[in-house]
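# Chains, contacts and geometry: an overview
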Amino acid sequence: MQERTDNIPAKGLHRMADRRYFSLDIPSSSTTKPLISGTNAHLAWERDHPEDETHAMLVGSYLHARLLQPAEVAKQFVVCPKVDRRTKEGKAQWSAMEADAEKRGASLIAEKDAELAEAMAAAARSHKGVAHLIAACVEREIVAIGEIGGRPAKCKIDGILASKNGGSEVCVLDVKSTVSASNRDFGRSVISYGYAHQAAFYARVLDSIGLRCEDFIFIAIEKERPHCVAVYRLPDVAVSVADHHIDRLVERWWKVKAGDRTGYPEEIQELVLPGWWLRGGYGDE
């Protein structure tokens, strides 16, 4: 069945509010990510039972705004002073501010969470490499609407830098909050949290609108003080490996949207054991 495209923006780069972006029911890196290790049934459950914005997501959104679009923070967020929501008065104050934020189309964030995000943003701004990269961005918090497999797909990009080679080549900048920004630990996070899949997905969408992603660069900011910062280039091999799975994952996404709720196979399977255990067994007795 041909997908309706009357409510989907034309292919290209767009300025778009988060609510509008999330309302576009087409594949993205985050909505296809559950299929990397999960079944169609897992994704179907997530689609049928969407979660409210989590604390971590809210802090991350505020961090991105403070770092990439500081002039837009007042429009996008309402900061609630410290209130004790265990008390009747505190609950009432929070509810009133929540209603005000909803009316303005903004998000309500607690003062302590805003302070945390601001401290992280300040640490990033003080990093010379980060400051240079952000200043060099030709686009920030931009939405790309393109295609994968001949069907619509989307991604929201933190920053786009023009390539030194000019032409249609670009560099994608992505801000991540993390427990540890060390090379070893963040490298593990790239695999654990599907960041390589994200990079490959973005590259596909950009390529479909005539932009070649030459580099994918992470700004990794630690959540705990002193909020150390590191900048990493994602190796080409990581994008290449992840790219091999993009078409299959996107095709499964469309099947889930069409009603597929397939879980694990029903027949008996040979269990796959961890390689480290098979190599080492129980160790020396």
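For the structure, check the block above.
To start, this report covers the structure provided alongside it. (Residues numbered from 1 in each chain as written. Predicted model: local features only at pLDDT ≥ 70, side-chain atom pairs only at ≥ 80, totals over all residues. Heavy atoms only, no water.)

Strands sit in the order S1-S4-S5-S6-S7-S8 across an open sheet of six strands; the sheet is mixed. The open sheet terminates on both sides in strands that have one partner only, identified here as strand S1 (12-14) and strand S8 (229-233). Pairs of neighbouring strands in the sheet enclose a mean axial angle of 40°, with direction left out of account. For S1 and strand S4 (residues 137-148), the ladder comprises three bridges, and the chain directions are antiparallel. Bridging from a neighbouring strand, Gly 12 pairs with Ile 145 of S4. Across the sheet, helix H8 (residues 128-136) touches S4, strand S5 (151-162), strand S6 (169-178), strand S7 (212-222) and S8, and the angle it forms with S4 is around 65°. (Pairing = 2+ DSSP bridges. Helix = DSSP H or I, 4+ residues; strand = E, 2+ residues; numbered from the N terminus. Axes fitted to C-alpha atoms, helices over the stretch in contact; angles between N-to-C directions. Contact = heavy atoms within 4.5 Å.)

Moving on, we get to the packing of aromatic side chains. Across all of its chains, the model carries 10 aromatic pairs by this definition. With a centroid separation of 4.9 Å and 75° between ring planes, the pair formed by Tyr 62 and Phe 77 is classed as edge-to-face. A residue pair is termed long-range when its members are at least 10 positions apart, and Tyr 62 in helix H4 (residues 55-68) and Phe 77 in strand S2 (residues 77-80) qualify at 15 residues. By the burial criterion, Tyr 62 is buried, and Phe 77 matches it. One aromatic cluster is present, formed by Phe 186, Tyr 193, Tyr 195, Tyr 202, Phe 216, Phe 218 and Tyr 232 through successive ring pairs. When the ring centre of Trp 94 is taken as origin, the NZ or CZ atom of Arg 85, which lies over that ring, is 3.7 Å away. Here the basic side chain of Lys 154 rests over the ring of Tyr 21, its NZ or CZ set 4.4 Å away from the ring centre. (Phe/Tyr/Trp six-rings, centres within 6.5 Å; stacked < 30°, edge-to-face > 60°. Buried < 20%, exposed > 50% of the residue type's maximum accessible area, 1.4 Å probe, protein only. Lys NZ or Arg CZ within 6 Å of the ring centre and 35° of its normal.)

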